[in-house]
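Coordinates in review
As a plain string of letters, each chain reads:
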Amino acid sequence: MKRAILWVILLTMPARTISTYAAPSAQASTGLTEDSRVRIALDWLKKNLPSTNETQIRLTEIPAPSFQEAARAAAVKALFEQAGFHAEIDQTGNVIAKLAGASPSANAGNNKTNGDHRDTVMLSAHLDTVFPAGTEVKVHRENDRWLAPGISDNGTGLAALVAVARAVQAAHLKPQLNLLFVANVGEEGEGNLRGMRALIDAYGAHLRAVIVLDGSSTDHVTTKALASRRMEAVITGPGGHSWSDFGMPNPINALVRGSVRFIATKVPASPRTTFNLGQIEGGTSINSIPYEARLKVDIRSESEQELARLESVLRECIAAGVRDEMDNSRDRTRGKLEFKVELLGSRPGGELRADSPLLAALRLDDEYLGNPSRPERSSTDANIPLSLGIDAISIGAGGNGGGAHSLQEWYDPAGREIGLQRALLTLLGASGIAEGAAR
Ligand SMILES: [Zn+2]
């Protein structure tokens, strides 16, 4: 049975892979695991599970809301340095540890006709969480589960990033291409992928592949980037007293009128398109006519056209809500409402090409590990490289987790070594390994 599956995979693998990507894809096969250093690294990951678990708990307990990742970044930098890497923190706040490849330029030879030198592979995990400063992040244990906000997303990814880097060092593995181990800022929400954007600005022209570790599990591989827009509507007015100024236009009324129009908007099931009114705020007290009301909306779609359409529908609905409120206010001489609708963030879409050597490497690793996985569309750090035509995937880093982005978030480390080994083998499959030991 298993042999039949392997043959299906091999037969459906594009033949082109081999000619355009000779060294790494040849090694991505079982040849990779025949190398004794690779087996030492795989073993290291298994033997050092307790320290990987500890790392995850320690990093999770350092608060790291988007834009406030510095303390957690410093801790990751120290872990890279303990592992023997030279690590640095860039201007955006990303932690970067480099391992020079044996012959990156020779390997990039295939691409010389294109005038670029894609001699580097990046393994990344985001540092930030969605939880605001002050959130209790102490890890509690309940039977086999660990509970804490951020424990899985992205405590798992960060722990795996550090573990894989340590395993590569411990086994004295010398990659063919340069490796970048990166803990990046700004993946969540209004971070708007700023960490990954800065990394692609700096290294994009050199990147052969990007592997993003995000959250737990090993059952999927994100190969399609889900495009999204984050919008904010702000409506302002003069504000006043609930009794004596009654009849004056009210920004909250206008926002509600506009919101009701927007949520009645039809969206297609295919291409799948969603919206969420995620945050609403404004007003000063129950007995005041507010001078301001704000609404944040997240729009996602498999289609750029749908995104653009919903963005303009939102703008029209808010404008109509303001108009309705002005038309219906009992005393229009008592001031005018102003409004604006702004783009808070925009994540571009993209798709990994079907014949990508990176995907071929991952599939072979899944076969080796006996780990079936399904391709998936999602919004991750991989959006940025994918939107620019750089091969990228996002994968979970093992174990099981749930309740992401909620205070009930949990993680169960059972079986996590498969996730760690999968990350290591995919990285080495993409970079290739060189003869001899790295010292
Ligand atoms: Zn995440």
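Since the model is a prediction, treat every value here as computed from it, not as a measurement. (Residues numbered from 1 in each chain as written. Predicted model: local features only at pLDDT ≥ 70, side-chain atom pairs only at ≥ 80, totals over all residues.)

A word on the confidence of the model for the chain. Residue-level pLDDT values for the chain average 90, and 89% of them are 70 or greater. Across residues 1-29, where pLDDT falls below 50, the model places 36 contacts with residues more than four positions away in sequence or in other chains. This model gives residues 106-114 a pLDDT under 50, and the stretch forms 12 contacts once residues within four places in sequence are excluded. (pLDDT = per-residue confidence, 0-100. Contact = placed C-beta atoms within 7 Å.)

With that out of the way, let us pick up the sheet that holds strand β4 (residues 140-142). Strand order in this open sheet of 4 strands is β4-β5-β19-β18, and the pairing throughout is antiparallel. Each end of this open sheet is capped by a strand with a single partner; those strands are β4 and β18 (400-402). Strand-to-strand, the axes of this sheet are offset by a mean angle of 25°, without reference to chain direction. Here 2 bridges tie strand β5 (residues 145-147) to strand β19 (residues 410-412), and the two strands are oriented antiparallel to one another. Directly across from tryptophan 146, in β19, lies its bridge partner tyrosine 411. (Pairing = 2+ DSSP bridges. Helix = DSSP H or I, 4+ residues; strand = E, 2+ residues; numbered from the N terminus. Axes fitted to C-alpha atoms, helices over the stretch in contact; angles between N-to-C directions.)

So, about the environment of isoleucine 57. Within the secondary structure, isoleucine 57 sits in helix α6 (residues 49-60). Classification of isoleucine 57 as partly exposed rests on a count of 17 C-beta atoms within 10 Å. Linking isoleucine 57 and glycine 150, residues 93 residues apart in sequence, is a C-alpha distance of 9.9 Å. Setting aside residues no more than four positions away along its own chain, isoleucine 57 makes contact with Val139 and Trp146. (Buried ≥ 20, exposed ≤ 12 C-beta atoms within 10 Å, placed from the backbone.)

Strand order in the open sheet made by the 4 strands is β11-β13-β9-β14, with antiparallel pairing throughout. Two strands in the sheet have a free side with no partner beyond their single neighbour: β11 (273-282) and β14 (338-347). Each neighbouring strand pair of the sheet contributes to a mean axis angle of 15°, computed without reference to strand direction. Two strands pair when backbone bridges link them, and strand β9 (residues 227-236) and strand β13 (residues 292-301) are joined in this way by 10 bridges, in the antiparallel orientation. Directly across from alanine 227, in β13, lies its bridge partner serine 301. Each of β9, β11 and β13 is contacted by helix α11 (residues 251-263), which is oriented at about 15° to β13, the strand it contacts most. In the packing of helix α12 (residues 304-328) onto the sheet, contacts are made with β9, β11, β13 and β14, and the angle to β9 comes to roughly 10°.

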